[in-house]
Amino acid sequence: MIRKVLLVFLAMCSAVAQLFIVSKNAVGDHVTSLEEPVAFRISVIMTIVLFLPPLILSFFNHSLINIINVVYQSFIVLTFIGLMPIGFMIPNGMMTTLFSFIGTILSVFSIWTIYKYLSSRT
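Residues numbered from 1 in each chain as written. Predicted model: local features only at pLDDT ≥ 70, side-chain atom pairs only at ≥ 80, totals over all residues. Heavy atoms only, no water.

As a further point, take the overall build of the protein chain. Counting its regular elements, the protein chain contains four helices and zero strands. Listing each helix as α and each strand as β along the protein chain from the N terminus yields α-α-α-α. Here the protein chain holds 122 residues, and 38% of them are scored as buried. Across the protein chain, every contact between residues at least 6 apart in sequence was considered, and the portion connecting residues at least 24 apart equals 65%. With the model as given, the accessible surface of the protein chain reaches about 7,600 Å², and the carbon-plus-sulfur share is 77%. (Helix = DSSP H or I, 4+ residues; strand = E, 2+ residues; numbered from the N terminus. Buried < 20%, exposed > 50% of the residue type's maximum accessible area, 1.4 Å probe, protein only. Contact = heavy atoms within 4.5 Å. Areas by Shrake-Rupley, 256 points an atom, 1.4 Å probe, with all protein chains shown as cover.)

Okay, structure coming up:
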């Protein structure tokens, strides 16, 4: 259980760090920037709130709850994968790509840990 919670928490930290990096290198008017602290704070809070369900579900060991957690984290993996090409398209985007890759790896390991736990129970 500690491993499941830790991996989800580290993926959340990776997403927040990526938000800081992207906000530091804001290139347009319609993106979150560090120059607008209220909008940036709302973005960080929204990111944390979106990671709360898998973080809370990681504390439980019921099979159905673990399957719901895997499905939810699959959407997070797809989001991190979708951010990788964006990092290649923006100037100075290698850190964005790096943190997308780290977030993807952490989320995939979290899903794999839950799957391993589910397969060991049967």
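Anyway, onward from the coordinates.
Glancing now at the environment of I76. Take I76: it is sitting in helix 3 (residues 63–89). Not counting residues up to four positions away in its chain, the partners in contact with I76 are F51, P54 and S107.

Within the structure shown, the criterion is met by one cavity of 30 Å³ or more. Roughly 30 Å³ of internal volume is contained in the largest cavity. Taken together, L7, V8, A11, F51, P54, Q73, I76, S107 and S110 make up the lining of the largest cavity. Among the elements of the structure, helix 1 (2–24), helix 2 (37–57), helix 3 and helix 4 (94–121) are those that each provide at least two residues to the lining of the largest cavity. Tallying contributions element by element places helix 1 first for the lining of the largest cavity, with three residues. Split by residue class, the lining of the largest cavity holds six nonpolar, three polar and no charged. (1 Å grid on protein atoms, 1.4 Å probe; cavity = no way out; pocket = protein on both sides within 12 Å on 5 of 7 lines; lining within 4 Å. Points joined across faces, edges and corners; volume = space filled by probe spheres on them. Nonpolar A, V, L, I, M, F, W, Y, C, P; charged D, E, K, R; others polar.)

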